[in-house]
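Understanding the architecture of this molecule
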Amino acid sequence: EPEVTQTPSHQVTQMGQEVILRCVPISNHLYFYWYRQILGQKVEFLVSFYNNEISEKSEIFDDQFSVERPDGSNFTLKIRSTKLEDSAMYFCASTQTGPGNTGELFFGEGSRLTVL
Amino acid sequence: QQPVQSPQAVILREGEDAVINCSSSKALYSVHWYRQKHGEAPVFLMILLKGGEQKGHDKISASFNEKKQQSSLYLTASQLSYSGTYFCGTELTGNQFYFGTGTSLTVIP
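Below you will find a few notes about this structure. (Residues numbered from 1 in each chain as written. Chains lettered and ligands numbered in written order. Predicted model: local features only at pLDDT ≥ 70, side-chain atom pairs only at ≥ 80, totals over all residues. Heavy atoms only, no water.)

**Focus on the interface of chain B and chain A**
Our working rule: Note on contacts: a residue pair is in contact if any heavy atoms of the two residues lie within 4.5 Å. The quantity reported as buried area is the accessible area (1.4 Å probe) lost by two parts once they are put together, taken as the sum for both. We define a salt bridge as a side-chain nitrogen of Lys or Arg found within 4 Å of a carboxyl oxygen belonging to Asp or Glu. N or O atoms closer than or at 3.5 Å make up a polar contact, with two conditions inside protein: a donor-capable atom paired with an acceptor-capable one, and, for residues adjacent in sequence, both atoms drawn from side chains.
On the side of chain A, 24 residues touch chain B, which itself brings 21 residues to the contact. Across the chain B/chain A interface, buried area totals approximately 1900 Å², and carbon plus sulfur atoms make up 56% of it. It is B:Asn95, B:Phe97 and B:Phe99 that lose the most area in chain B upon contact with chain A, and together they represent 29% of the buried surface on that side. The interface formed by chain B and chain A includes 0 salt bridges. Taken together, chain B and chain A are joined by 5 residue pairs in polar contact (both at pLDDT 80 or more).

This is the structure we're talking about:
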């Protein structure tokens, strides 16, 4: 069964360092998302991406965040200068259909980011 | 912007029923329901696309009241495997897909 894969599963970094989290969405999916979940809390929308550009972003997704689809398969989230409060689980998700009829979101297993 | 769920947490004995509510201050175009086990990713349960729609999946079903901007998830004859956190999800404007505040469900023997 096709699945969304994320790497790394866990990353520990020092405050101020740059981090890149990687995702490989399901191959025929067109819409991609990043979510953040601080331990034990809600799943927070960060950004959605379609047709090689950001389609929507939340207020959490400020200038320290960026997303890219550098090739036909990878979808990356970059955090430029990490802060302690960036420590969280980051989930990538993809779906085949988008606005107006968003289909089932398929999630990766998540990347746990720990900022020291 | 985020849908609000109630209750925040519920503890059930095996075999008991539960209802989880999801309410939005903005228009709901569709409602998704997901379950997340501890330390895992959310897993899709079902989607309701139309007001008045009801769906069932084993002993888990849901309804969608478009006019009231609400959806409810019904778990009947709960099993230990139902334990987890349940999230509703909804699309706001454009391609913003937000999850609700979450409901922690614990089923005990």
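**Observations concerning the environment of B:Gly89**
Residue and element names in this part refer to chain B. Defined as follows: Every helix listed is a DSSP run of H or I at least four residues long, and every strand listed is a run of E at least two residues long, numbered separately from the N terminus. Only protein chains enter the accessibility calculation, which uses a 1.4 Å probe; a residue whose area is less than 20% of its type maximum is buried, one above 50% is exposed, and one in between is partly exposed.
Looking at where glycine 89 falls in the secondary structure, it is placed in strand S9 (residues 84-91). Owing to a relative accessible area of 0%, glycine 89 belongs among the buried residues under this scheme. A sequence separation of 56 residues divides glycine 89 from tryptophan 33, and the C-alpha atoms of the two residues are 6.1 Å apart.

**Observations concerning the sheet that holds strand S1 (residues 5-7) of chain A**
All names here are of chain A. Here is the rule we go by: Note on pairing: two strands pair once DSSP finds at least 2 bridges between them. Only the contacting stretch of a helix is used when fitting its axis, a line to C-alpha atoms as for every element, and angles between N-to-C directions run 0 to 180 degrees.
Read from one edge of the open sheet, 4 strands run S1-S3-S8-S7, paired in antiparallel fashion. The sheet terminates laterally at S1 and strand S7 (65-68), the two strands that pair on one side only. When the angles between neighbouring strand axes are averaged without regard to direction, this sheet yields 15 degrees.

**Focus on the packing of aromatic side chains**
Defined as follows: Each Phe, Tyr or Trp ring (for Trp, its six-membered ring) is paired with any other whose centre lies within 6.5 Å, and the angle between the two planes then decides the class: stacked below 30 degrees, edge-to-face above 60, tilted in between.
For the coordinates displayed, the defined rule picks out 17 aromatic pairs over all chains. Between A:Tyr35 and A:Phe45, the ring centres sit 5.9 Å apart and the planes meet at 65 degrees, which makes this aromatic pair edge-to-face. Residue A:Tyr35 is located in strand S4 (residues 31-37), and its partner A:Phe45 is located in strand S5 (residues 44-50); the two are separated by 10 residues in the primary sequence. When its relative accessible area of 2% is taken as the criterion, A:Phe45 is described as buried. Ring centres 6.3 Å apart and planes at 80 degrees place the aromatic pair B:Phe87 and B:Phe99 in the edge-to-face group.

**Quick look at the state of the cysteines**
Residues and elements named next belong to chain A. Quick reminder of the rule: Throughout, disulfides are identified as pairs of cysteine sulfur atoms within 2.5 Å of each other.
One pass over the full model with this rule turns up 2 disulfides over all chains. Here cysteine 23 pairs with cysteine 92 through a disulfide, and the sulfurs are 1.9 Å apart. Linking cysteine 23 and cysteine 92, the disulfide has an S-S dihedral of approximately -60 degrees and is accordingly described as left-handed. Of this pair, cysteine 23 sits in strand S3 (residues 19-24) while cysteine 92 is found in strand S9 (residues 88-95), placing the two residues 69 residues apart along the sequence. On the basis of relative accessibility, which here comes to 0%, the residue cysteine 92 falls in the buried class.

**A closer look at the pattern of salt bridges**
Side-chain pairing between opposite charges can occur once the charged atoms of the two side chains come close. All names here are of chain A. Evaluated as defined, the whole model comprises 1 salt bridge over all chains. Across the pair arginine 36 and glutamate 44 runs a salt bridge whose closest N-O atoms are separated by 3.2 Å. The two residues arginine 36 and glutamate 44 agree in class, both being buried.

**What about the nonpolar core?**
Note the threshold: As used in this record, nonpolar core signifies buried Ala, Val, Leu, Ile, Met, Phe, Trp, Tyr and Cys residues forming a set joined through side-chain atoms within 4.5 Å.
Grouped together as the largest cluster of nonpolar side chains are 21 residues, with contacts concentrated most on A:Trp34, A:Leu46, A:Phe61, A:Val67, A:Phe75, A:Leu77 and A:Tyr90. Among the elements of the structure, S3, S4, S5, S7, strand S8 (75-79), S9 and strand S11 (111-115) of chain A are those that each provide at least two residues to this core. Dropping the residues within four chain positions of it, A:Tyr90 is found in contact with A:Gln6, A:Leu21, A:Trp34, A:Tyr35, A:Arg36, A:Leu46, A:Phe65, A:Leu77, A:Ile79, A:Gly110, A:Ser111 and A:Leu113. Within the second largest apolar cluster, 20 residues are counted, among which are B:Leu48, B:Leu73, B:Leu75 and B:Tyr86.

**Notes on the sheet that holds strand S3 (residues 18-23) of chain B**
Residue and element names in this part refer to chain B. With respect to topology, 5 strands assemble into an open sheet ordered S1-S3-S8-S7-S6, the strand pairing being antiparallel. Looking at which strands have only one partner, the edges of the open sheet turn out to be strand S1 (4-6) and strand S6 (54-57). Sheet twist, expressed as the average angle between the axes of neighbouring strands with direction ignored, equals 15 degrees.

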